[in-house]
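Report on the structure
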Amino acid sequence: MAFGPAEIERLVRIELVAALVVFPVLFLVPAPYGRYQRRGFGPLMHARLGWVIMEFPAVVVPVWAFLAAGGAGACGGAAWLLLSLWLLHYTQRTFLFPVLMRGQGGRSPVMTVVLAIVFNCLNGVVNGTSLAWLGLDPARCAAFPPRLLIGVGIFLAGFLVNLHADHVLRTLRAPGEAGYKIPKGGAFRWVSAANYFGELVEWTGFAIAAMTPAAWAFAAFTAANLVPRAWSHHRWYKNTFPDYPASRGGTRHGAPGWPR
Ligand SMILES: NC(=O)c1ccc[n+]([C@@H]2O[C@H](COP(=O)([O-])OP(=O)(O)OC[C@H]3O[C@@H](n4cnc5c(N)ncnc54)[C@H](OP(=O)(O)O)[C@@H]3O)[C@@H](O)[C@H]2O)c1
């Protein structure tokens, strides 16, 4: 079963509407996992298992959609490259990130896992199909335009920032230790949520490289999802640590701070 252009357009619109809804809601109600975990969001499940289950569709669904839509045809070099980058990110996120997570007993709401599965299926269908069409469209057959290479470079830079930031956060705690510390180094010198910053750079680069409505919708959704959470983290750090670096998040010593 493959999706046609009208169906993909409708699904991309749904993703954009979801981004518009999620953005203000997450400013008011931070997603209830990690430091914002609280009662009232239904049953909980093993956090590590939750990560694997919710991210797994982001590995398999785009590949299935890509192949079902024709697998990029005769001039699909760019499409295969972009699908490979997608899989680089999501195999890391699905299989490596949960294994490396610190803390044995973390719990996540089942609700966030279910919502992520729904999103990853939708996003996988629109992006897998759209990537296949890149290689089927003779007008877009120009093998590797400069825009594509610039986008790939931005994606890889964001990927490295995200990997490094996740590593910094993970190693803040000794094995078995709980609680939070101030992350330092890498992009944490400038922003409070360097992992989210890297993720946003990645998918913006991907959208520049692919130049499809689906890829831009994903970049928009990533911003809608992560900017409010980054803002919540920034406020949380400033409220929690009196010695939190004043230079982080655009505030310099002697200049007015961000709201607490
Ligand atoms: N594309 C998207 O829309 C999307 C959405 C969500 C996440 N992600 C990606 O998934 C990854 C994880 O996201 P997340 O929301 O779980 O990130 P997070 O809230 O920053 O937490 C990441 C991990 O580091 C720990 N941690 C964070 N800050 C810490 C601190 N100050 N001291 C000690 N430990 C700390 C957390 O422990 P606790 O669990 O105990 O807080 C958690 O295990 C990121 O790379 C993010 O970019 C992507």
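In what follows, the structure referred to is the one given above.
Conventions and cut-offs
Residues numbered from 1 in each chain as written. Predicted model: local features only at pLDDT ≥ 70, side-chain atom pairs only at ≥ 80, totals over all residues. Heavy atoms only, no water. Helix = DSSP H or I, 4+ residues; strand = E, 2+ residues; numbered from the N terminus. Expected span 1.5 Å × (residues − 1). Bend = angle between axes of the 7 residues up to and from the residue. Buried < 20%, exposed > 50% of the residue type's maximum accessible area, 1.4 Å probe, protein only. Contact = heavy atoms within 4.5 Å. Axes fitted to C-alpha atoms, helices over the stretch in contact; angles between N-to-C directions. Parallel < 35°, antiparallel > 145°, perpendicular 65-115°, else oblique. Left-handed = near helix turned anticlockwise from the far one by under 90°. Nonpolar A, V, L, I, M, F, W, Y, C, P; charged D, E, K, R; others polar. Near = heavy atom within 4 Å. Areas by Shrake-Rupley, 256 points an atom, 1.4 Å probe, with all protein chains shown as cover. Core = buried A, V, L, I, M, F, W, Y, C linked by side-chain atoms within 4.5 Å.

The terminal C-alpha atoms of helix α1 (residues 5-28), which comprises 24 residues, lie 35 Å apart, in line with the 34 Å expected from a rise of 1.5 Å per residue. Bending of α1 peaks at approximately 25° at the position of V22, with proline P24 no more than four residues after it. Buried within α1 are the following residues: I8, V12, E15, A19 and L26. Of the surrounding elements, those touching the buried residues of α1 are α4 (110-136) and α7 (213-240).

Turning our eyes to something else, we now look at the packing of helix α2 (residues 47-68) against α4. Closest axis-to-axis distance for the α2/α4 pair is 7 Å, and the angle between their directions is 20°. On the basis of their axis angle, the class for α2 and α4 is roughly parallel. Taken as a pair, α2 and α4 cross one another with a handedness that is right-handed. Every residue of α4 that contacts α2 at G50, I53, M54, E55, P57, A58, V61, P62, W64, A65 and F66 is listed here: T112, V113, A116, I117, N120, C121, G124, V125, G128, T129, L131 and A132. Its residues assigned to classes, the contact of α2 with α4 shows 16 nonpolar, six polar and one charged.

What follows deals with the site of the ligand. If you check the shell around the ligand, you find 23 residues, and the closest are Y33, R35, Y180, K181 and Y196. Protein chains shield 87% of the accessible area of the ligand, which is 890 Å² for the free molecule. If you list the elements that add at least two residues to the shell around the ligand, you get α3 (77-100), α5 (146-170), α6 (194-210) and α7. Among the elements that take part in the shell around the ligand, α7 stands out by supplying six residues, more than any other. When the residues that make up the shell around the ligand are grouped by side-chain class, the tally is nine nonpolar, seven polar and seven charged.

This paragraph deals with the nonpolar core. Membership of the largest hydrophobic core comes to 30 residues, with the highest contact counts inside it found for L82, Y90, L131, W203 and F206. No other element matches α3, which puts seven residues into this core. Contacts of Y90, omitting those with residues within four sequence positions, involve E55, A58, V59, N120, W203 and F218. Membership of the second largest hydrophobic core comes to eight residues, among which are I8, V12, V126 and A214.

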